[in-house]
Amino acid sequence: MALPFFNRTVRKRDQIMAIDLGGRTTKAVLMQRKGDSFALSRYALLDAPVQSKTFSPDMLAEHLKSIVGTLDTKLRNVALTIGVNDSIVRQAELPQLPIQDMRQILKMNPKAYLQQDLPNHTFDCFIIPQQSSKTDDKNKMGAISNKFKVLVAGAKKQLLDDLLTAVHKADLIADGIVPSLIGPMNALELAEPELFTKNVVALVDIGFKNTTICLLQQGELVLSRVIAIGGDKITGGLAESMGISYAEAEGIKMGMPSEVQPTLEALVSPLGRELRASIDFFEHQQDKRVNQVLFSGGSARSEFIVKILEAELSVSCKAWSPVSALQLALPPQQIAEIEHVAPQLTVAIGTATSF
């Protein structure tokens, strides 16, 4: 699903560098195209410059240089992601126009199509392919034949300008800027295409500050929601309840969760209830059952946390690996660590496949 705010790529690149600008940790991947598949050449996990809530272009430029150095690449083209607090992703029906014209009408009158005033925003669109073969469905579509079903992304123009300035200062070339919500869907389509296209799946990414849930029905995004509970709230709550440091709480959360089971269950259960509410809403609206919930993100590395959420949701839950369909051309140390860190790389890998 290609949904960059702009895309200078005139052909599919042989090498792709994608950087996921997370709240606490920046995740980056270097991937090599191998026909219809990809090889993962390197990855990097670096602390984000969290001294301020927003990056200045100069600060981000230095951070990008550090990432490129860690990846040990001479590649200069890069794709960036921006988080759910800095972007919107919505479904809309738009006139059958070229993408550039769609962007313009959204800029001029976003409220008419997105039910929200979004001044000084830049938009991009992805036309959702229609997969209907039944006569009844064709008749229904005839009534809106002058419309496209479109996935719309939006972000503040100033933010995009600042990102482009930082990329330029880092001596890089931006191929595109992609909403982080898109990454897990792209990664799942590559890793498990049959599951993606044939099932009803809840795709949950547990980030630092927020958790996103995307309800997919035969590969189409039907519903998405951002929940203001992430790994930070769980770790912070654990640290406060036990009177220990944040770093110690993070280590216990990931390494020894059974020792703090009651406390961890109390912290994770509110997230489970919010996810359950989203699934219930989807199932009621679509009259479809969610077959499986797939988890990614840093906290998804904890089997214990996934089990707590499974008990809340009463649906089969598992952490999934975005690297399962990738060839691995990693250095030996990264080969040894890849299965542990893979859930954190989901957004970056999905972003890379957009190009």
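Shown above is the structure to which this text applies.
Quick caveat, the model's predicted, so the values are computed rather than measured.

## Focus on the packing of helix α8 (residues 231-242) against helix α9 (residues 246-255)
The axes of two packed helices give the description: the angle between them and the distance between them. Their axes nearest at 8 Å, the elements α8 and α9 cross at an angle of 110 degrees. In terms of orientation, α8 and α9 fall into the roughly perpendicular class. Only Y246, A249, E250, I252 and K253 of α9 make contact with α8, whose side of the interface consists of G231, D232, I234, T235, G236, L238, A239 and M242.

## Things to note about the packing of helix α1 (residues 57-71) against helix α5 (residues 157-169)
Packing of α1 against α5 brings their axes to within 8 Å, and their N-to-C directions diverge by 50 degrees. As judged from the angle between their axes, α1 and α5 are oblique. At the point where α1 passes α5, the crossing takes the right-handed sense. Two secondary-structure elements touch here, α1 through P57, D58, L60, A61, L64 and K65 and α5 through D162, L163, T165, A166, V167 and K169.

## A word on the environment of Q96
Mapping Q96 onto the fold places it in the loop between β5 (88-95) and α2 (99-108). For the pair Q96 and N146, spaced 50 residues apart in sequence, the C-alpha to C-alpha distance is 5.9 Å.

## Here's the deal with the nonpolar core
Grouped together as the largest cluster of nonpolar side chains are 38 residues, with contacts concentrated most on V29 and L40. Sort the elements by how many residues they give to this core and helix α6 (residues 182-191) lands first, with five residues. Ignoring any residue separated from it by four or fewer positions in sequence, one finds L40 in contact with V29, L30, M31, V323, L326, Q327, L328, A329, L330 and I338.

Rules of the game
- Every chain is numbered independently, its residues counted from 1 as its sequence is written.
- For a predicted model such as this one, the threshold for reporting local features is a pLDDT of at least 70, and the threshold for listing and counting side-chain atom pairs is 80 or more; totals across whole chains, interfaces and linings nevertheless cover every residue.
- Only hydrogens and water are set aside; all other atoms, that is, all heavy atoms of the structure, feed into the side-chain values.
- A fitted line through C-alpha atoms represents every axis, and for helices the fit uses only the stretch in contact; the resulting angles, taken between N-to-C directions, go from 0 to 180 degrees.
- By definition, any uninterrupted DSSP run of H or I lasting at least four residues is a helix, any uninterrupted run of E lasting at least two residues is a strand, and each is numbered from the N terminus.
- Note that the term roughly parallel is reserved for angles under 35 degrees, roughly antiparallel for angles over 145, roughly perpendicular for angles of 65 to 115, and oblique for everything else.
- Contact between two residues is taken to exist if any of their heavy atoms lie within 4.5 Å; hydrogens are not considered.
- Crossings are classed by handedness, with left-handed meaning an anticlockwise turn of the near helix from the far one by less than a right angle and right-handed meaning a clockwise turn.
- Take the buried Ala, Val, Leu, Ile, Met, Phe, Trp, Tyr and Cys residues and link them wherever side-chain atoms come within 4.5 Å; each set so joined is a nonpolar core.
- Classification of residues uses two cut-offs on accessible area relative to the type maximum, computed with a 1.4 Å probe and protein chains only: under 20% is buried, over 50% is exposed, and between them is partly exposed.

All we've got here are geometric facts, nothing functional implied.
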